[in-house]
Amino acid sequence: MKSQDILSVVISVIIIIAVAILQKQSKVVAALISTMPIRAGLAIWIVYAAVDGNKKDITQFSLSVAYSLIPTFLFAVAAWLAARAGMKLGVILLSGFSTWAFFAGTIFLARKFLGLG
């Protein structure tokens, strides 16, 4: 296992613990921590190392990360709307994940068939 893989797991665990602790003091701080671009940064680092810093490859991957933020944002909006409507946790998560899956698939297909980056 590479050091990047281990670091990714360790940071993820730290984030989960931080959110669990901090959500008692501030929901805003917990939300900010939960959405920090740590995973994206680690992924860019891993890909950068894997392609030996090849500009074309890292630029393409970074663009893919940017496109991937769209369905993630829409996940949060759908979950918020479901929570605001008084739904239970299962429906909140199902709303978020199904929205994410739909838009992630749509973006993937649009990029593949329309040549969008």
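Look up a bit, the structure's there.
Anyway, here's the lowdown on the structure attached to this text. (Residues numbered from 1 in each chain as written. Predicted model: local features only at pLDDT ≥ 70, side-chain atom pairs only at ≥ 80, totals over all residues. Heavy atoms only, no water.)

Concerning the overall build of the protein chain
Along the backbone of the protein chain there are 5 helices and 0 strands. In sequence order, the secondary structure elements of the protein chain are arranged as α-α-α-α-α. Overall, the C-alpha framework of the protein chain stretches about 45 × 35 × 25 Å when taken along its three principal axes. Within the span of the protein chain, comprising 117 residues, buried residues form 14% of the whole. Sequence separation of at least 24 residues holds for 43% of the intrachain contacts in the protein chain that already meet a minimum separation of 6. A total of about 8,500 Å² of accessible surface is found on the protein chain, and carbon and sulfur atoms cover 74% of it. (Helix = DSSP H or I, 4+ residues; strand = E, 2+ residues; numbered from the N terminus. Buried < 20%, exposed > 50% of the residue type's maximum accessible area, 1.4 Å probe, protein only. Contact = heavy atoms within 4.5 Å. Areas by Shrake-Rupley, 256 points an atom, 1.4 Å probe, with all protein chains shown as cover.)

Here we look at unusual backbone geometry
Comment: phi is negative for the bulk of residues other than glycine, and the bulk of peptide bonds are trans. Backbone geometry places D52, a non-glycine residue, at a positive phi of 50 degrees. The topology assignment puts D52 in the loop between α3 (38–50) and α4 (55–84).

Some words on the packing of α4 against helix α5 (residues 89–114)
Contact geometry for α4 and α5: axes closest at 8 Å, N-to-C directions at 150 degrees. Between α4 and α5, the crossing angle belongs to the class labelled roughly antiparallel. Our pair here, α4 against α5, has a crossing hand that is right-handed. Residues L63, S64, Y67, I70, P71, T72, L74, F75, A78, A79, A82 and A83 of α4 form the contact with α5, whose participating residues are V91, I92, L93, S95, G96, F97, T99, W100, F103, A104, I107 and R111. (Axes fitted to C-alpha atoms, helices over the stretch in contact; angles between N-to-C directions. Parallel < 35°, antiparallel > 145°, perpendicular 65-115°, else oblique. Left-handed = near helix turned anticlockwise from the far one by under 90°.)

Quick look at α5
Here α5 contains 26 residues, and its C-alpha end-to-end distance of 37 Å stays within 8% of the 38 Å for a straight helix at 1.5 Å per residue. Buried residues of α5: I92, G96, T99, I107 and R111, and no others. On its buried face, α5 sits against α4. With its phi angle positive at about 70 degrees, G115 sits one or two positions after the end of α5. (Expected span 1.5 Å × (residues − 1).)

Considering the packing of aromatic side chains
Summed over all chains, the structure comprises 2 aromatic pairs. Ring plane angle 85 degrees and centroid distance 5.0 Å describe the contact between F102 and F103, whose orientation is recorded as edge-to-face. (Phe/Tyr/Trp six-rings, centres within 6.5 Å; stacked < 30°, edge-to-face > 60°.)

Focus: a nonpolar patch on the surface
Together, F108, L109, F113, L114 and L116 line one region of the surface with nonpolar side chains, adding up to about 560 Å² of accessible area. Tracing the backbone through its elements, the reader meets F113 in helix α5. For F113, a relative accessible area of 61% puts it in the exposed group. (Patch = residues over 30% accessible without salt bridge, like charges linked within 9 Å, V, L, I, M, F, W, Y side chains within 5 Å. Salt bridge = Lys/Arg side-chain N within 4 Å of Asp/Glu carboxyl O.)

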